[in-house]
Amino acid sequence: MTRPVLDVRELTKVYGAGEATVHALRGVSLAVGRGDYVAIMGSSGSGKSTLMNILGALDVPTSGTYLLDGVDVSRLVDRQLALARNRLIGFIFQAFNLIPRMTAVANVELPLAYAGVRSRERRLRAMAALEVVGLADRARHEPNQLSGGQQQRVAVARALVTEPALLLADEPTGNLDSRSTGDVLQVFDQLSSAGRTIVLITHEPEVGDRAKRLIRLVDGRIVTDRRQQPVLASMGRHTV
């Protein structure tokens with residue numbers, strides 16, 4: 001049996017003390033296998049943002065265990081956490097987080113630059129990642145020359161470029177119109193078909209419908225965890 005990419009056991013997260021205590025997570029356990037595509041849904045206050053921060057090694061649980069590709073994240077010190085984030089996780093955020101004065105290809109290269117990869121290899125890998133999301137022809141464009149959907153696809157390429165164990169997307173279509181949402185979700189569909197491991201946090205049912213597995217959080221607990229037949233878009237122009 002292959003090792004899961006994510007193995008979360010009895011996670012809790014408590015903020016504050018006394019009457020101000022907030023139990024954001026209450027014993028969350030889940031495992032995500034290699035190649036799975038999971039959507040985590042929940043309303044405001046459900047704990048999904050807290051869970052995302054812990055899965056992304058941006059925060060630590062109050063109790064419980066989190067193994068990321070076999071690494072016990074809860075035991076890492078800050079420097080090791082930063083390395084785990086850079087090497088094991090590809091982040092995709094709602095706000096894109098692209099650097100305005102840098103071209104698309106330079107933005108995609110950034111994680112490789114932080115990892116000490118040489119410039120020629122960085123450029124080759126960044127261009128290959130842009131090709132995956134259908135934007136190789138926009139490599140020299142700066143973010144303000146791209147649509148919102150194109151900017152998010154650049155952000156997906158940036159997340160892919162380090163070949164991470166996990167793609168972690170936080171409300172990736174939250175700032176997009178319906179057409180751009182479709183373009184970005186189609187990229188996720190194709191990445192999933194290519195065997196990438198994806199965990200996506202969302203409150204939008206049409207986004208959750210695209211995943212192979214749907215998890216719902218209520219008041220810091222998993223109330224639903226089920227397999228589903230993904231609702232796939234018709235094949236478009238992007239290839240993986």
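Here, every reference points to the structure presented above.
In this report, we go over the structure that sits alongside the text.

The rules we used
- Residues numbered from 1 in each chain as written.
- Predicted model: local features only at pLDDT ≥ 70, side-chain atom pairs only at ≥ 80, totals over all residues.
- Heavy atoms only, no water.
- Salt bridge = Lys/Arg side-chain N within 4 Å of Asp/Glu carboxyl O.
- Helix = DSSP H or I, 4+ residues; strand = E, 2+ residues; numbered from the N terminus.
- Buried < 20%, exposed > 50% of the residue type's maximum accessible area, 1.4 Å probe, protein only.
- Pairing = 2+ DSSP bridges.
- Contact = heavy atoms within 4.5 Å.
- Axes fitted to C-alpha atoms, helices over the stretch in contact; angles between N-to-C directions.

## Some thoughts on the pattern of salt bridges
Pairs can form between side chains of opposite charge whenever their charged atoms are close. Scanning the entire structure with this criterion turns up 14 salt bridges. R122 is paired through a salt bridge with E109; the nearest N and O atoms lie 3.6 Å apart. Note that R122 is positioned in helix α4 (residues 119-132) and E109 in helix α3 (residues 104-114), a separation of 13 residues in sequence. On the basis of relative accessibility, which here comes to 8%, the residue E109 falls in the buried class. For R138, the salt bridge is made with D137, and the minimal N-O distance between the two is 3.0 Å. Given the relative accessible area of 28%, R138 is considered partly exposed. One network of salt bridges, with partners in common, ties together D36, R213, D225 and R227.

## Description of the sheet that holds strand β2 (residues 22-32)
Judged by pairing direction, the sheet is antiparallel, and its four strands sit side by side in the order β2-β1-β4-β5 without closing on themselves. The sheet is open, and its two edges are formed by β2 and β5 (71-72), each paired on a single side. Of the strands in this sheet, β1 (6-15), β2 and β4 (63-68) touch helix α1 (residues 48-55), which is tilted by about 125° from β1.

## Describing the sheet that holds strand β10 (residues 221-227)
Ordered by their spatial adjacency, six strands build an open sheet running β6-β7-β8-β3-β9-β10, and the pairing between neighbours is mixed. Because the sheet does not close on itself, it has two edges, and the strands there are β6 (89-93) and β10. Averaged over neighbouring strand pairs, the angle between their axes works out to 15° when direction is ignored. When strand β9 (residues 213-218) meets β10, the two strands line up antiparallel, connected through six bridges.

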